[in-house]
Amino acid sequence: MEDLRRMETEENNRLRTAMREQARVDVASSGEVGRMTRLAALCADWAILSALSTMILWASLRVADARVQDLSLAALVPLTAFLVLVGFAYFLMFTVGNGQTPGKMALHIRVVDATAPDASQPPSPRQALNRTLLAAVSGFLLGIGFIPALGERGIAAPDRFTQTRTVRA
């Protein structure tokens, strides 16, 4: 009886492995991009935004002839709101333009409209706006909207709800 259970367990493991491999082949053949590539592009974009934010802060302090220690809460709130708006505009405008932020350009990937007959068509302005809004909300909620990307299909909530996909450029 133990041999039968062991054989059944081995067969189940082989089937799971085969299904995972088939899912990888399906993603590769559809042109969709893996999680790590998307994460690397996001990290590159965040690095660019961090550098831009640092330059804005430095220039603001220089013009005001102030130091970081001189900043009060009354100054930090509008500055933070401005930097969040800059980040939102960065992701929105690049996605509307050609479906690629600089991080995606560096890794040769792009966001496309999953419902369009042409698989390389960038998302519509409405899709890009909704995708950026959902991604921002997901980010503020500690990434909860990106948890579905860890599943078999690898599609995060912003892409699922806006019917967009990230594919190789």
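Please refer to the structure placed before this passage.
What counts, and at which threshold
Residues numbered from 1 in each chain as written. Predicted model: local features only at pLDDT ≥ 70, side-chain atom pairs only at ≥ 80, totals over all residues. Heavy atoms only, no water. Helix = DSSP H or I, 4+ residues; strand = E, 2+ residues; numbered from the N terminus. Rg over C-alpha atoms; globule rule 2.2 N^0.38 Å. Buried < 20%, exposed > 50% of the residue type's maximum accessible area, 1.4 Å probe, protein only. Contact = heavy atoms within 4.5 Å. Areas by Shrake-Rupley, 256 points an atom, 1.4 Å probe, with all protein chains shown as cover. Lys, Arg positive; Asp, Glu negative; His and termini not counted. Charge placed at Lys NZ, Arg CZ, Asp CG, Glu CD. Expected span 1.5 Å × (residues − 1). Arc of directions from axis to C-beta. Patch = residues over 30% accessible without salt bridge, like charges linked within 9 Å, V, L, I, M, F, W, Y side chains within 5 Å. Salt bridge = Lys/Arg side-chain N within 4 Å of Asp/Glu carboxyl O. Phe/Tyr/Trp six-rings, centres within 6.5 Å; stacked < 30°, edge-to-face > 60°.

Student: I'm lost on the overall build of the protein in this one. Help?
Tutor: Summing up its helical and strand segments, the protein has six helices and two strands in all. A compact globule built from 169 residues should have a C-alpha radius of gyration of about 15 Å, whereas the protein, at 21 Å, is more than 25% larger. With respect to the principal axes defined by its C-alpha atoms, the protein has extents near 80 × 45 × 25 Å. Evaluated residue by residue, the protein yields a buried proportion of 28% over its 169 residues. Pairs at least 24 apart in sequence give 61% of the contacts found in the protein among residues at least 6 apart. A total accessible area of about 11400 Å² is found for the protein, and carbon and sulfur atoms account for 66% of it. One way to put it: in the protein the 18 positive side-chain charges average out to a point 4 Å from where the 15 negative ones average out.

Student: Help me out: how do you make sense of helix H3 (residues 73-98) in this one?
Tutor: Since one α-helical turn is 3.6 residues long, residues separated by three or four positions face the same way. Taking 1.5 Å per residue as the helical rise, H3 with its 26 residues ought to reach 38 Å, and the 38 Å between its terminal C-alpha atoms agrees with that figure. All buried positions along H3 are accounted for by Leu79, Gly87, Tyr90, Phe91, Leu92 and Thr95. Of the surrounding secondary structure, the elements contacted by the buried residues of H3 are helix H2 (35-64), helix H4 (102-106) and helix H5 (125-140).

Student: Looking at this model, I keep getting lost on H5. Mind explaining?
Tutor: Between its first and last C-alpha atoms H5 spans 22 Å; for 16 residues at 1.5 Å apiece the expected length is 22 Å, and the two agree. Listed in full, the buried residues belonging to H5 are Gln127, Ala128, Arg131, Thr132 and Ser138. What you see down the axis of H5 is that its buried residues fit within an arc of 130°, all on one side. Turned more than 90 degrees off the buried face of H5, the exposed positions are Pro125, Arg126 and Phe140. The inward-facing, buried residues of H5 contact H3, strand E1 (109-113), helix H6 (157-162) and strand E2 (164-168). Directly after H5, the chain includes Leu142, whose backbone phi takes a positive value near 60°.

Student: Even after reading the chapter, I still don't get unusual backbone geometry, so can you show me in this structure?
Tutor: As a rule of thumb, non-glycine residues mostly have phi less than zero, and peptide bonds are mostly trans rather than cis. Positioned with a positive phi, Leu142 is a non-glycine residue whose angle comes to about 60°. As for its placement among the helices and strands, Leu142 is situated in the loop between H5 and H6. Look at Leu142 and you get exposed, because its relative accessible area is 84%. If you check the backbone angles, Gln163 has positive phi at about 55° while not being a glycine.

Student: Help me out: how do you make sense of a nonpolar patch on the surface in this one?
Tutor: Judged by side-chain polarity, Val137, Leu141, Ile144, Ile147 and Leu150 come together as a nonpolar surface patch covering roughly 510 Å² of accessible area. Judged by relative accessible area, Ile147 falls into the exposed class, the value being 51%.

Student: Just checking my understanding: could you explain the packing of aromatic side chains for this structure?
Tutor: How two aromatic rings sit relative to each other is given by the distance of their centres and the angle of their planes. The tally for this structure, following the rule as stated, stands at three aromatic pairs. Their ring planes at 85° and their centres at 5.2 Å tell us that Tyr90 and Phe91 sit as a pair that is edge-to-face. Classification of Phe91 as buried rests on a relative accessible area of 17%. Note on Tyr90: relative accessible area 10%, which makes it buried. Site record: aromatic cluster; members linked through ring pairs are Trp46, Tyr90, Phe91 and Phe94.

In short, shape yes, function no, at least from these values alone.
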